[in-house]
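Residues per chain are reported as follows:
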Amino acid sequence: MFFGKIIQYLFLVFIGFLLILLVSIILETPATPQGEYHYSSFLRNNYGITAAILYLIAGLAVGYLMELKPWLAGICLILIFPLTALYEATVYRGSHNLIPVEFLVFLLYALPSLAGAYLGKWLSDRAEKTN
């Protein structure tokens, strides 16, 4: 049971990354930024209104369909952002020297997915009570 939950949370990290790729396809964002911030630039350039709406919808679906903790599910959906920042900070010494500030921004990125997950959980609980 515990192992199954971990797999579900890891699946959400993958889904979050796929959402960013979907936004890059929809918006036709170029995928070749240069410099030390290669991957994080790609992610950041694709996070906007479209991505926030997709994260809200994904959070809603996760909260409604999965028996996961909404706060952790919402964070897992955007976990690709801090993982990428940590990777680049490790590979390119001196880059990402404001990691704590970046993590605060990533928490702002997580708000749509968190709101969706909590709303989905609330709707699921409400539907369960009526049945």
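Along each chain, the written sequence defines residue order, and numbers are assigned to residues from 1. Per-residue local features of the predicted model are confined to residues with pLDDT of at least 70, and side-chain atom pairs are confined, for both listing and counting, to 80 or more; whole-chain, interface and lining totals are unaffected and use all residues. Based on all heavy atoms of the structure, the side-chain values leave hydrogens and waters out of the count.

## Quick look at the packing of helix 1 (residues 2–27) against helix 4 (residues 70–77)
Stage number 1. Packing of helix 1 against helix 4 brings their axes to within 7 Å, and their N-to-C directions diverge by 40 degrees. One element, helix 1, and the other, helix 4, form an angle in the oblique class. Mapping the contact onto sequence places Y9, L12, V13, I15 and G16 in helix 1 and L72, A73, C76 and L77 in helix 4.
Stage number 2. Split into classes, the residues belonging to the contact of helix 1 with helix 4 amount to eight nonpolar, one polar and no charged. Axis lines are fitted through C-alpha atoms, for helices just across the contact stretch, and the angle between N-to-C directions can take any value from 0 to 180 degrees. The secondary structure listing takes helices from DSSP runs of H or I that are at least 4 residues long and strands from runs of E that are at least 2 residues long, numbered from the N terminus. These descriptions rest on fixed angle ranges, namely under 35 degrees for roughly parallel, over 145 for roughly antiparallel, 65 to 115 for roughly perpendicular, and the rest for oblique. Residue contacts are defined here by distance: any two heavy atoms, one from each residue, within 4.5 Å place the two residues in contact. For this classification, the nonpolar set comprises Ala, Val, Leu, Ile, Met, Phe, Trp, Tyr, Cys and Pro, the charged set comprises Asp, Glu, Lys and Arg, and every other residue, Gly included, is treated as polar.

## Structural notes on the packing of aromatic side chains
Stage number 1. When two rings of Phe, Tyr or Trp (its six-membered ring) have centres within 6.5 Å they constitute a pair, described as stacked for plane angles under 30 degrees, edge-to-face for angles over 60, and tilted for the intermediate range. Inspection of the entire model under this criterion finds eight aromatic pairs.
Stage number 2. Taken together, a centroid distance of 6.1 Å and an interplanar angle of 55 degrees make the contact between Y39 and Y87 tilted. In this pair, Y39 is assigned in helix 2 (residues 38–46) and Y87 in helix 5 (residues 80–91), connecting sequence segments 48 residues apart.
Stage number 3. The interplanar angle of 45 degrees and the centroid separation of 6.0 Å between the aromatic rings of F103 and F106 together place this pair among those described as tilted. Of the two residues, F103 and F106 both sit in helix 6 (residues 99–130), three residues apart, roughly one turn of that helix.
Stage number 4. Each residue is placed in one exposure class: buried if its accessible area under a 1.4 Å probe, protein chains only, is under 20% of its type's maximum, exposed if it is over 50%, and partly exposed if it falls in between. By relative accessible area, F103 is classed as partly exposed at 31%.
Stage number 5. Taking the relative accessible area as the measure of exposure, F106 reaches 10% and is therefore buried.
Stage number 6. One aromatic cluster in this structure is built from Y47, Y55, F81, F103, F106 and Y109.

## Some words on the layout of surface pockets
Stage number 1. The pocket and cavity definitions rest on a 1 Å grid over protein atoms only: a 1.4 Å probe that fits but cannot leave marks a cavity, an open set with protein on both sides within 12 Å along at least five of seven lines marks a pocket, and residues lining either have an atom within 4 Å of a point. Grid points are joined across faces, edges and corners, and a volume is the space filled by probe spheres set on the points. Put simply, the largest pocket is a space of about 150 Å³.
Stage number 2. Forming the walls of the largest pocket are Y37, S40, L43, R44, F81, T84, A85, H96, E102, V105, F106 and Y109.
Stage number 3. Those elements that provide at least two residues to the lining of the largest pocket are helix 2, helix 5 and helix 6.
Stage number 4. Ranked by the residues each element gives to the lining of the largest pocket, the list is headed by helix 6, at four residues.
Stage number 5. Of the residues belonging to the lining of the largest pocket, the class tally is seven nonpolar, three polar and two charged.

Everything listed here is a matter of coordinates, which is why it stays silent on function.
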